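A closer look at the structure
As a plain string of letters, each chain reads:
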Amino acid sequence: MTNQLFDRNRYSAILNAADSEVITESKVRDVPLAGDRTLALITLDNNLDYRRPNTLGPNTLAQLGELLASLAQRAQDGEIHAVAVTGKRFNFAAGADLSLVDQIPDTVAARQMAELGHDALGLFSKLGVPSFALVNGMALGGGLEVALHCDYRVIDASCPAVAFPETYLGLVPGWGGATITPNLIGIENALRVIIENPLKMNRMLKAEQAYELGLFDRMIAPVNFIEDSIKFITAVLDGEKIKRPNEPGKIERAVKWDAAIKIARKSLEQKIGEVPRAPYRALEILAAAKKGDREAGFELENQALGDLVASDQFMASMYGFNLVQKRAKRPVGAPDSELARPVNKVGVIGAGLMASQFALLFVRRLQVPVVMTDLDQERVDRGVASVQAEIDKLLDKGRINADTHARLKGLVTGTTDRQQFADCDWVIEAVFEELSVKQQVFSEFEQIIPEDAVVATNTSSLSVTEIGSALKHPERLVGFHFFNPVAVMPLIEVVKVDSTSDATLATAMAVAKQLKKNAVIVRDRPGFVVNRVLARMLGEVMHAVDTGTSVEIADTALAPMGLPMSPFTLLELIGLKVGAHVLRSHHEPFPDRFFDSASLHELADRDAKLLKRDGKGNVTGYTRELQAVVGSAGNEPLTAEQLLERTQNALADEVKIMLDEQVVTAAEDLDLCLILGAGFPLINGGLTPYLDRIGASERVFGGTFHTPKILGAATRDAAN
């Protein structure tokens, strides 16, 4: 019987490759139920503490499959009347063991990984007795699919996260999730969970949200979770009927399903373009799920997961994911955190838009007094009022309670009396981006603030060293470059100059962590990381326009790179004046590599718009203002292919120079900056894996940024 239901020998290719897997064991015990019945209760447990979540690698799945096959035999023999699965303390399962992706040797093993998941987890619905998932903690990806294969599901009300993160990582829910979910909660809800949420910075569901969607039949308080779950199991065995109101009916399948898929596809095309493969493969499976044919759906999942696991995009995504999840939490070059000084009061020089964003972030995260100043009281009052209005919004949205609201508002003050900065431990400027202005501000405030107070500049393009050249205590100076909008963007480029002391740098890193930002230490070179890369890229595009390439080609040529937005959309977002300034500030020190653009300066002076948009904000074309300034005539027009390759080569060249200059310590830190600060896609690993993959690195400097290249099993197979 066991061999008929599950045969681990079918999966030798993937099992043999996973020799370093941390196995999550399936531990089973019998639990007596009322009515002389027996429940076989499986506990998933990797034998590590609760901070190390259960994961599902190949050997874990094989062990679970063998156990379920044996339980099916026990059910047939009348020894058990139900099977339930739960997790160790505070944890159900965090999904597939993604640490093993480097060990997938070929496309055969990649396909086997998909089939293994279906065959093992599919046994929950073939036991001959009801199966129950008792989700007592985080259930992500494959962990959620364990639950979905069961006949009934309950969730602990304190569960912090339920999600399908796969499309965020370049995969699909390929162990049943993409097929079962829409047939359980309806197509629109399934699209939200499987496609929309992952692409919104991997948004998770709380227990209540997952229950309301219909992913679970009951939500149970954590106090007596297992005991109350067993009561639910008993009630079901006694004949209680479970209603699932979100299950799709005939009308939804006949009318709504295809329309929802069509709308979702159009939305994807507008938001992410057509380069990422995973969301579109997920969409195909969701479309096919309308027929309610599990086996056909599972085969589509096998095909998609097998293809994607072996793909370059997935391998690059895992490289990028590890940067964000691991490297970002252990910044390279950070001094001993014990050297950090406490920050008990913050001073913000300026009261404009950026300064107000700083003040809000510092007061909310550090919860210390924050004082703002500007040239006159009217500006100061506007700045403080702006911060307090944002604090009011936090209360209205339920993100803070009334006590916190009152405390935060009381901590923010504004003044034109600079002596109010005399006891600040941290002072950050947000004044006009002009060297002489910043130098003057710091020189004046240094006479007031304590000798050991940190002086931070948010400059995006000026030399931090030159800004602090007149300081009496240059060891206290550090660059602290935020990205806009400040509350949302997770990156801070922490600029270390030669004079920056370890105590100052340690304090900056500690403050960034308190602000819940990811900090990367960079050297004081023009543009640091993100702006320098963007300046090289935008310079190439604007130079192409200035020399005769059509606007349409210039704006769409980089689409195969899968960037979050087109060049002209990016320029409108950051502002044409800022964009023109960034190009010029890089052209001046590096005229042989960075192009200035007379057209962009003229457009900025006119305060022009570049893109025409419809009522929903979608781009519909290019404005007459743009066409009038740049035209389309010239003597060196490029094709889309030529501009793409030219830009790829320029980026490979610039990145190599930046690494040689030690702007950051390694390519990994540069990619981390671009992912967090500019939204470069995980499917490219940021930038350097992509430049290696498409051959730009070898074209430009005869080498690669990564040895070996970061490639999927399919590409490696083809090369062999």
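Refer to the preceding data block for the structure.
Now for a description of the structure that goes with this document. As the structure is a prediction and not an experimental result, all values here were calculated from the model.

Points about the packing of aromatic side chains
- Counted according to the given criterion, the structure contains 13 aromatic pairs.
- Seen in terms of ring centroids, Phe 132 and Tyr 152 are 5.1 Å apart; in terms of plane orientation they differ by 20 degrees. Their pairing is stacked. Placement of the pair is Phe 132 in strand 5 (residues 131-135) and Tyr 152 in strand 7 (residues 152-156), with a sequence separation of 20 residues.
- Residue classification places Phe 132 among the buried residues on the basis of a relative accessible area of 1%.
- Ring centres of Phe 568 and Tyr 622 lie 6.2 Å apart, and the angle between their planes is 85 degrees; on these two criteria the pair is classed as edge-to-face. Of this pair, Phe 568 sits in helix 23 (residues 567-574) while Tyr 622 sits in strand 19 (residues 619-622); the two residues are 54 residues apart in sequence, bridging distant segments of the chain.

Topic: the environment of Val 664
- The residue Val 664 is located in the loop between helix 27 (640-660) and helix 28 (667-678) in this model.
- Residue Val 664 is classed as buried on the basis of its relative accessible area, which comes to 3%.
- In the structure, Val 664 is positioned 141 residues away from Arg 523 in sequence and 6.5 Å away in space, judged by C-alpha atoms.
- Not counting residues within four places of it along the chain, the set of residues in contact with Val 664 comprises Val 520, Ile 521, Val 522, Val 529, Leu 659, Asp 669 and Leu 670.

Some thoughts on the environment of Arg 399
- Tracing the chain through its elements places Arg 399 in the loop between helix 16 (377-396) and helix 17 (402-411).
- Of the residues examined, Arg 399 reaches a relative accessible area of 54% and is grouped as exposed.
- Residues contacting Arg 399, with those up to four places away along its chain left out, are Arg 364 and Leu 394.

What about the nonpolar core?
- Membership of the largest hydrophobic core comes to 179 residues, with the highest contact counts inside it found for Ile 42, Phe 568 and Leu 687.
- Examining the composition of this core, we find that ten residues originate from one element, helix 21 (residues 530-546), more than from any other.
- In contact with Phe 568, other than residues within four places in its own chain, are Met 542, Val 545, Val 551, Asp 555, Leu 610, Leu 611, Tyr 622 and Leu 626.
- Counting 43 residues, the second largest nonpolar core, distinct from the first, contains Val 343, Phe 480, Val 486 and Leu 515.

A few points about the sheet that holds strand 8 (residues 162-163)
- Spatially, 4-6-8 is the arrangement adopted by the three strands of the open sheet, whose pairing is parallel. The open sheet has two edge strands with one neighbour each: strand 4 (91-93) and strand 8.
- In this sheet, strand 8 lies alongside strand 6 (residues 138-140) in parallel orientation, the contact comprising two bridges. Looking across to strand 8, one finds that Ala 139 is bridged to Val 162.
- On the sheet, helix 5 (residues 142-149) packs against strand 4, strand 6 and strand 8 and is oriented at approximately 95 degrees with respect to strand 6.

Observations regarding the sheet that holds strand 15 (residues 477-481)
- Reading across the sheet, the eight strands line up as 12-11-10-13-14-15-16-17 and stay open at both edges, with mixed pairing between neighbours. Of all strands in the sheet, those bounded by a partner on one side alone are strand 12 (412-414) and strand 17 (518-523). Averaged over all adjacent pairs, the angle separating strand axes in this sheet is 25 degrees, with direction ignored.
- In this structure, strand 13 (residues 426-429) lies alongside strand 14 (residues 454-457), joined through four bridges in parallel fashion. In the sheet register, Ile 428 faces strand 14, and the bridge partner there is Ala 456.
- Running at roughly 25 degrees to strand 12, helix 17 makes contact with strand 11 (370-373) and strand 12 of the sheet.

Topic: the pattern of salt bridges
- Under the definition given, this model contains 39 salt bridges.
- Here Asp 392 ties to Lys 409 by a salt bridge, and the two come within 3.0 Å at their closest N and O atoms. Of this pair, Asp 392 sits in helix 16 while Lys 409 sits in helix 17, and the two are 17 residues apart along the sequence.
- Judged by relative accessible area, which is 27%, Asp 392 ranks as partly exposed.
- Given the relative accessible area of 23%, Lys 409 is considered partly exposed.
- Between Asp 653 and Arg 536 there is a salt bridge whose closest N-O contact spans 3.1 Å. Of this pair, Asp 653 sits in helix 27 while Arg 536 sits in helix 21; the two residues are 117 residues apart in sequence, bridging distant segments of the chain.
- Asp 653 gets classed as partly exposed once you look at its relative accessible area, which sits at 22%.

Things to note about the environment of Phe 480
- Its location among the elements puts Phe 480 in strand 15.
- Exposure remark for Phe 480: the relative accessible area of 0% places this residue in the buried category.
- Between the C-alpha atoms of Phe 480 and Ala 139, which are 341 residues apart in sequence, the distance is 37 Å.

What about the side chain of Asn 197?
- Its location among the elements puts Asn 197 in helix 8 (residues 187-199).
- Judged by its relative accessible area of 5%, Asn 197 is buried.
- The residues touching Asn 197, leaving out its near neighbours within four places in the chain, are Arg 192, Asn 202, Arg 203 and Leu 205.

Digging into a positive patch on the surface
- Together, Arg 52, Lys 326, Lys 329 and Arg 330 give the surface a local cluster of positive charge.
- Position of Lys 326 relative to the elements: it lies in the loop between helix 14 (312-325) and strand 10 (346-349).
- Judged by relative accessible area, Lys 326 falls into the partly exposed class, the value being 46%.

Scoring rules and cut-offs
Residues numbered from 1 in each chain as written. Predicted model: local features only at pLDDT ≥ 70, side-chain atom pairs only at ≥ 80, totals over all residues. Heavy atoms only, no water. Phe/Tyr/Trp six-rings, centres within 6.5 Å; stacked < 30°, edge-to-face > 60°. Helix = DSSP H or I, 4+ residues; strand = E, 2+ residues; numbered from the N terminus. Buried < 20%, exposed > 50% of the residue type's maximum accessible area, 1.4 Å probe, protein only. Contact = heavy atoms within 4.5 Å. Core = buried A, V, L, I, M, F, W, Y, C linked by side-chain atoms within 4.5 Å. Pairing = 2+ DSSP bridges. Axes fitted to C-alpha atoms, helices over the stretch in contact; angles between N-to-C directions. Salt bridge = Lys/Arg side-chain N within 4 Å of Asp/Glu carboxyl O. Patch = residues over 30% accessible without salt bridge, like charges linked within 9 Å, V, L, I, M, F, W, Y side chains within 5 Å. Areas by Shrake-Rupley, 256 points an atom, 1.4 Å probe, with all protein chains shown as cover. Lys, Arg positive; Asp, Glu negative; His and termini not counted. Charge placed at Lys NZ, Arg CZ, Asp CG, Glu CD.

Purely geometric numbers; function is a separate question.
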